[in-house]
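# Structural characterization, general
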Amino acid sequence: MADELDVLESAALAELRELQTLSQLEAWRVRYLGKKSTLTSALRALSALPPEQRRTAGAHSNAVKASLQSEYEARKQELSLSTIGESIGGACLDVTLPGRALPIGRLHPITQVIQEICSVFARMGFQVIDGPEVEWDYYNFEALNIPQDHPARDMFATLWLDSSEDRNARLLRTHTSPMQIRIMEEHRPPLRFVVPGRTYRYEATDATHDWMFHQVEGLAVDSDITLRDLKETLFEFCRSIFGRDTGVRFRCDYFPFVEPGGEIAIECFQCRGGGCRLCGSTGWLEILGTGMVHPDVLARCGIDPSVYSGFAFGMGVERITILRYGVDDIRHFYSGDFRFLRQF
Ligand code: PHE
């Protein structure tokens, strides 16, 4: 019995040294240390022996088992390391090399600019909310004084989800202005809100147009809001975003949902008013549409226009970003090209 175990031990150890893979090693473990192995049966047979024999045979069997077990562990360690070595191309593993830094992500330039715009207004007491991109005709047009067949619908080339003849048609919102209505339907004055979000237009894309872009809408309604508040707020906004000494201009413009309506432009920072390609030789860059909320729009939302007044504005985020960073093509923003995105 003792001899048998010694033979077994040396055979097992010899075999162990020849093993090359972890799966061969596992087969070896099952054969020599597993439940059905000779060693395990020998240990089990001990109980049948007379006590004095049992003691020596037991000690011997346990020693053989311990030796096989520890050689097994050592070999396992060796084979695991060489398996890693192979998987990294046979090169040896230098555990002292510094780790590779994982690239840290960043916010998309449009997200950064939206956050910046919203934080300027947040400092002035505006709340930030968002709203649906799939809209009803009613909110996108009808409630904003743009009924069916109104020529102003041509200002907004629309992506329709239902037939545009249908008064309950759904569409992809062409501006964030429908949120003016949703806000006024749900909240009572005093109101101060900004709404960033995606907008869509059915348009051929080129360097300055894309079929999807972002706007930030703003709305303030209270009992004594005047055109002066509008100008004060938006001039301050422009100077926060484009620099304290930037010239800002307010001019009249037309939007059906405001009266009077206006447009705000900043002095062209490339030519400082002299005239260049960026500003189309005008010296000014238009950056947002605005106006005093039309009394009919207030009334439609259940807000009494003889008591309350308000102003609204809407700006294109891509346009502001393009002007600010001198981006030459709007399509860069959604091309997924890291060489472009990494610059921000
Ligand atoms: N919604 C208008 C547009 O997309 C901008 C605007 C918003 C004008 C609010 C006036 C008031 O062109």
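Anything mentioned here points back to the structure above.
About the cut-offs
- Residues numbered from 1 in each chain as written.
- Predicted model: local features only at pLDDT ≥ 70, side-chain atom pairs only at ≥ 80, totals over all residues.
- Heavy atoms only, no water.
- Pairing = 2+ DSSP bridges.
- Helix = DSSP H or I, 4+ residues; strand = E, 2+ residues; numbered from the N terminus.
- Salt bridge = Lys/Arg side-chain N within 4 Å of Asp/Glu carboxyl O.
- Buried < 20%, exposed > 50% of the residue type's maximum accessible area, 1.4 Å probe, protein only.
- 1 Å grid on protein atoms, 1.4 Å probe; cavity = no way out; pocket = protein on both sides within 12 Å on 5 of 7 lines; lining within 4 Å.
- Points joined across faces, edges and corners; volume = space filled by probe spheres on them.
- Nonpolar A, V, L, I, M, F, W, Y, C, P; charged D, E, K, R; others polar.

### As for the sheet that holds strand 4 (residues 170-172)
- In space, the 3 strands of this open sheet follow the order 2-4-3, with antiparallel pairing throughout. Each edge of the sheet is formed by a strand with only one pairing partner; in this case those strands are strand 2 (134-136) and strand 3 (159-160).

### A word on the pattern of salt bridges
- All told, the structure shown has 16 salt bridges when counted by the stated rule.
- When the shortest N-O distance is used, the salt bridge between arginine 29 and glutamate 26 registers 2.9 Å. Taken together, the residues arginine 29 and glutamate 26, both in helix 2 (residues 22-33) and 3 residues apart, mark about one turn of the helix.
- On the accessibility criterion, glutamate 26 (34% relative accessible area) is partly exposed.
- We note a salt bridge from arginine 339 to aspartate 337, for which the minimum N-O separation is 2.7 Å.
- Among the charged side chains, a salt-bridge network with shared partners connects Arg249, Arg251 and Glu263.

### Focus on the layout of surface pockets
- Estimated volume of the largest pocket: approximately 1,000 Å³.
- Around the largest pocket, the lining comprises 38 residues; the ones closest to its centre are Arg201, Phe213, Gln215, Gly316 and Arg319.
- Tallying contributions element by element places strand 9 (residues 284-293) first for the lining of the largest pocket, with 6 residues.
- Counted by class, the lining of the largest pocket contains 17 nonpolar, 11 polar and 10 charged residues.

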